[in-house]
Amino acid sequence: AQKVTQAQTEISVVEKEDVTLDCVYETRDTTYYLFWYKQPPSGELVFLIRRNSFDEQNEISGRYSWNFQKSTSSFNFTITASQVVDSAVYFCALTLGRDDKIIFGKGTRLHILP
Amino acid sequence: EAQVTQNPRYLITVTGKKLTVTCSQNMNHEYMSWYRQDPGLGLRQIYYSMNVEVTDKGDVPEGYKVSRKEKRNFPLILESPSPNQTSLYFCASSLFYTRGGGTHNEQFFGPGTRLTVL
């Protein structure tokens, strides 16, 4: 069975600090997709990134970067120079290539303190 | 604009009063799903549909019904709502496609429906 674990329930950092959100996944399938979503206080789910299992390249998008390591089944998310607007709940998720079901982690609530 | 729409966005109702939350997508996606989000539990899948007239249970289907008569619509029906169905509900649609020798997956979520059952 597939599983996504976000061990950090809640994190607080001071603005401008870097912060890393951890995500560990479990699957026996060789084809899968990993996602990160942001859920701001307004409640909608904002797509951040998708990575398929055959692409282990790390990615950087502005202040956001992702570190995908199949050897440790991890897909960690780092925010550099955090800002108050980064305060949100962040979900890591996994889906297999053969159906639509998305398995979500329980989320990490990130507080960026001014 | 490619999007998934849900209505209503907010609903307060009473126990036992049947309700329907609509979901519609304009991307011609085959796959559609419903999720509920509860504190400490993340998002859990209620039902999914792989195509018109093809639906199946997710992890928490009890108390819910769905239908997929058209590709674009996937309504969620609560025949007799109860307070434990108070939650934030998300509809999603997705598309798998092959391009450049690889298989890709696009996932889109609706804006959410916050339901309170008194």
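Please read all numbers here as calculations on a predicted model, not as lab measurements. (Residues numbered from 1 in each chain as written. Chains lettered and ligands numbered in written order. Predicted model: local features only at pLDDT ≥ 70, side-chain atom pairs only at ≥ 80, totals over all residues. Heavy atoms only, no water.)

**Topic: the overall build of chain A**
Part 1 of the argument: Scanning chain A from terminus to terminus reveals zero helices and 12 strands.
Part 2 of the argument: Taken over C-alpha atoms, the radius of gyration comes to 14 Å for chain A, in line with the 13 Å a tight globule of 114 residues would show.
Part 3 of the argument: For chain A, the spread of C-alpha atoms along the three principal axes comes to 45 × 25 × 20 Å.
Part 4 of the argument: By the burial criterion, 47% of the 114 residues in chain A qualify as buried.
Part 5 of the argument: For chain A, the share of sequence-separated contacts (at least 6 apart) that also reach a separation of at least 24 residues comes to 55%.
Part 6 of the argument: For chain A, the accessible area works out to roughly 5500 Å², and carbon and sulfur atoms hold 48% of it.
Part 7 of the argument: Treating the 12 positive side-chain charges of chain A as one cloud and the 14 negative ones as another, the clouds have centres 4 Å apart. (Helix = DSSP H or I, 4+ residues; strand = E, 2+ residues; numbered from the N terminus. Rg over C-alpha atoms; globule rule 2.2 N^0.38 Å. Buried < 20%, exposed > 50% of the residue type's maximum accessible area, 1.4 Å probe, protein only. Contact = heavy atoms within 4.5 Å. Areas by Shrake-Rupley, 256 points an atom, 1.4 Å probe, with all protein chains shown as cover. Lys, Arg positive; Asp, Glu negative; His and termini not counted. Charge placed at Lys NZ, Arg CZ, Asp CG, Glu CD.)

**A short note on the confidence of the model for chain A**
The predicted structure's coordinates, where accompanied by low pLDDT, should not be read in detail.
Part 1 of the argument: Looking at chain A, pLDDT values average 92 and 96% of them are 70 or higher.
Part 2 of the argument: No element of chain A has a lower mean pLDDT than strand β7 (residues 59–61) of chain A, which averages 84, and none a higher one than strand β3 (residues 19–21) of chain A, which averages 98. (pLDDT = per-residue confidence, 0-100.)

**Considering a nonpolar patch on the surface**
Residue and element names in this part refer to chain B.
Part 1 of the argument: A cluster of nonpolar residues, Ile12, Val14 and Leu118, forms a patch on the protein surface that exposes about 320 Å² of accessible area.
Part 2 of the argument: Examined against the element boundaries, Val14 turns out to sit in the loop between β2 (10–13) and β3 (19–25).
Part 3 of the argument: In this structure Val14 comes out as partly exposed when scored by relative accessible area, which is 44%. (Patch = residues over 30% accessible without salt bridge, like charges linked within 9 Å, V, L, I, M, F, W, Y side chains within 5 Å. Salt bridge = Lys/Arg side-chain N within 4 Å of Asp/Glu carboxyl O.)

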